Amino acid sequence: MSREHKIAETFVELADTLVADFDVIDFLQQLTVRCCDIFAVADVAVLLAYPGPHLYSPAPCDPTPALAEVLELALHEGPALDAYRTAEAVTPGNLARAPATWRDFSASAREVGYTYASAVPLRLREEVLGSLLLLRATDSPLPADDLTLAQAFADAATIGLLHAHTVRRVETVNEQLHNALHSRIVIEQAKGALAARHNTSLHDAFALMRRHASQHRLLLTTVAQHVADTGDLPRPPSAPPPPRRHSNEETQAE
């Protein structure tokens, strides 16, 4: 698939938030996956502050070890916080010469191999929902055209989220956004349980949950909660219940 085709598909996905089974967690996760693929960056994270004022990170649900190391610091300093506070893109900066206000974030990011960091706000006019953090591990920064395209993705994602917020019951989308952090914890637990049960990697376990949720029109968080509770994927909604196993006493009684 060409890069142009991937870009077009991404805009279509970001606009498709008015479906009845819209899943904000999966939506944000897919945004990070698409950005990693199209921009050839090492890692991407969405940071939300909705309804604010503090940032938190609901996605990705499957962070690399390097990203996991810096996410907590990124909530309190660095390009993602700056992009959110100013509602402006933070151009790719060499972490070896980062501003003093990024000191702890830069040190941690460089230690795990990142070299450049940039961010764009999730914004629509005066409303800012958070930011999109892009981390690179090469000897060159993210090209300016890619940063512009990342801003366009972020804008489209914001419009999609706000449209879902407006058209559907406000409480439903608000609840999903407020529960995003808790959902991420449940998804992490479910990945571990599923990986152990199927003797596979955490990455493959997460992919299995997403595929199951998509195929059976279930929320990713619903699938994850079931796995966390039972250790395995939920049965498809239309599947008949398993036949009841009779005890010896019941058989004799019959």
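That block above? That's the structure.
Residues numbered from 1 in each chain as written. Predicted model: local features only at pLDDT ≥ 70, side-chain atom pairs only at ≥ 80, totals over all residues. Heavy atoms only, no water.

Caption draft 1: Broad picture of the packing of helix H9 (residues 202–215) against helix H10 (residues 220–230). Contact geometry for H9 and H10: axes closest at 9 Å, N-to-C directions at 125 degrees. By the angle between their axes, H9 is oblique relative to H10. In the crossing of H9 with H10, the sense of the turn from one axis to the other is right-handed. When H9 is examined against H10, the residues Phe206, Met209, Arg210, His212 and Ala213 are found in contact with a partner set consisting of Leu220, Val223, Ala224 and Val227. Split into classes, the residues belonging to the contact of H9 with H10 amount to seven nonpolar, one polar and one charged. (Axes fitted to C-alpha atoms, helices over the stretch in contact; angles between N-to-C directions. Helix = DSSP H or I, 4+ residues; strand = E, 2+ residues; numbered from the N terminus. Parallel < 35°, antiparallel > 145°, perpendicular 65-115°, else oblique. Left-handed = near helix turned anticlockwise from the far one by under 90°. Contact = heavy atoms within 4.5 Å. Nonpolar A, V, L, I, M, F, W, Y, C, P; charged D, E, K, R; others polar.)

Caption draft 2: Molecular detail of the environment of alanine 42. Within the fold, alanine 42 resides in the loop between helix H2 (24–39) and strand E1 (43–48). Looking at alanine 42, the relative accessible area reads 34%, which means it is partly exposed. (Buried < 20%, exposed > 50% of the residue type's maximum accessible area, 1.4 Å probe, protein only.)

Caption draft 3: Broad picture of the pairing of E1. Most of E1 is tucked away, with six of its six residues classed as buried. Every second residue of E1 is oriented toward a common face, with Asp43, Ala45 and Leu47 on one face and Val44, Val46 and Leu48 on the other, all of them buried. In terms of strand pairing, E1 meets strand E5 (residues 127–136) through six bridges, oriented antiparallel. Within E5, the residue paired with leucine 47 across the bridge is serine 131. (Pairing = 2+ DSSP bridges.)

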